[in-house]
Amino acid sequence: MVELQDDRLATASVRLFLKRDDLINAEIPGNKWRKLKYNLAAARDLGATTLLTFGGAYSNHIRATSAAGMHFGFDTIGVIRGEEHLPLNESLRYAVSCGMRLTYLDRTSYREQQGQAVIDDLERRFGPFYLLPEGGTNELAVRGCREILTEPTPSFDTVYCPCGTGGTLAGLASAAPDGVQVIGVSALKGGGFLVDDVRRLQSAAFGAESTNWAIDTEHHFGGFAKRNATLNAFIDDFRERHTLTLEWVYVAKMMCAIFDHIDSGRIRAGSRVLAIITG
Ligand SMILES: *Cc1c(COP(=O)(O)O)cnc(C)c1O
C-alpha cells in the first residue's frame, strides 16, 4: 500500500492510495491469483489433475493459469479464441513454456463456450478437466477477490478497480465497508452489459447484490486491448512522475479515469480514494 504523492492530487485535496496487488507474485499477478486461489483448492479437492480454460490470444488469465498449473502441479489446457497464428505471440509462448497445451476455437463456437456441446467435445479430446471460465471469473473467483479488501488498508471513501468480466468489482463491492462507493472502470467498449454480470456474480457468490457500486464506461480508449495517443501520453507522464509503468490493458485506463473524475469534480475535495492495481 502506498500513497501517491502528486501535485494534481494536492491541488484537488484528494488523497490517493494504491493497493499494489500487482506485486503479489511475478507470474500470477494481482487479481488473477485472487481468482485462481479457491478454484485451485476446489480442483484439488475434486481430484482433478487438469485445468482447462478459455481466453483471447493476449489473455492475462491464460498466462496466469499456465503458471499456476506449473507451480501447483496441474496439467493445463488453454482454449484460445480464433485461429492459430504462428509464430506464437509472447503471451502464448509463455503459456506453452509453462506446459500449457493450446487448442483453438472458431469465434462462433467460442461464444458457446458454456454450452454442453462445446464442453463435451473438449472432454472427448482431452479427458476430464476442471473448468475455469473465460477471464477466470466464477463464484469462487469472486470470493477470492473479496479478500483484496479484508487485508489492512488506510481508511478510504471510494475504491476504484478495472473491469474485464466484472468479477473483481463484484467481490470488492461485497467487501467494502458501509458508506464506501466502488467504481469499476470498464476496459472494454460498450461495458454497460457488465452491470447485469456483476449483479449475477454477486448473487451467485454471496446470495445478495449490493448497491454500493457503479461502472464507468467512458474510459475504454477504443476498446479492449486498444490504446490511443491520450492513453499513451497519460502512461508516459505517469511513468515520469512516479517511475511506475502502468499496465495498459486495464490499470492505466482506471488511473486515467480517476484523474478525470478529480478534474470533473466527481471525486470531491477531501476524498480518500483507494485504487486497486490489479496487475
Ligand atoms: C484480468 C484483469 C482484470 C479484469 O478483472 P475482472 O475480474 O475480469 O473484471 C483487471 N486488471 C488486470 C490487470 C487483469 O489482468
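The text that follows walks through the structure, step by step, so that each part is easy to find. In this numbering scheme, every chain counts its residues from 1 along its sequence in written order. Two thresholds apply to this predicted model, a pLDDT of at least 70 for residue-level local features and 80 or more for giving and counting side-chain atom pairs, whereas whole-chain, interface and lining totals are computed over all residues. Each side-chain value is worked out from all heavy atoms of the structure, with water and hydrogens disregarded.

## Quick look at helix α8 (residues 167–175)
The cut-off we apply is this: Whether a residue is buried, partly exposed or exposed follows from its accessible area with a 1.4 Å probe, protein chains only, as a fraction of its type maximum: under 20%, in between, or over 50%, in that order. Comment: elements are numbered from the N terminus, with helices defined as DSSP H or I runs of at least four residues and strands as E runs of at least two.
Across the nine residues that make up α8, a large majority, eight, are buried. Taken together, the buried positions of α8 are Gly167, Thr168, Leu169, Ala170, Gly171, Leu172, Ala173 and Ala175.

## Digging into the sheet that holds strand β7 (residues 158–163)
The strands that make up a sheet pair up through hydrogen bonds in the backbone, lying either parallel or antiparallel. In plain terms, the rule: Strand pairing follows a simple DSSP-based rule, namely that at least 2 bridges must link the two strands.
With respect to topology, six strands assemble into an open sheet ordered β1-β2-β10-β7-β8-β9, the strand pairing being mixed. Strands at the two margins of the open sheet, each flanked by one partner only, are β1 (2–3) and β9 (213–216). The pairing of strand β2 (residues 15–20) with strand β10 (residues 272–277) spans six bridges and is parallel. Considered in β10, the bridge of arginine 15 is made with arginine 272.

## Some details on the layout of surface pockets
Short version of the rule: Residues are said to line a cavity or pocket when one of their atoms sits within 4 Å of a point; the points come from a 1 Å grid over protein atoms alone, cavities being sets where a 1.4 Å probe fits but cannot get out and pockets being open sets with protein on both sides within 12 Å along at least five of seven lines. Grid points are joined across faces, edges and corners, and a volume is the space filled by probe spheres set on the points. Classes in brief: Ala, Val, Leu, Ile, Met, Phe, Trp, Tyr, Cys and Pro nonpolar; Asp, Glu, Lys and Arg charged; the others, Gly included, polar.
Roughly 170 Å³ of volume is contained in the second largest pocket. For the lining of the second largest pocket, the secondary-structure elements that each account for two or more residues are β7 and β8 (181–186). When its residues are assigned to classes, the lining of the second largest pocket shows three nonpolar, three polar and three charged.

Any functional reading would require information beyond the geometric quantities listed.
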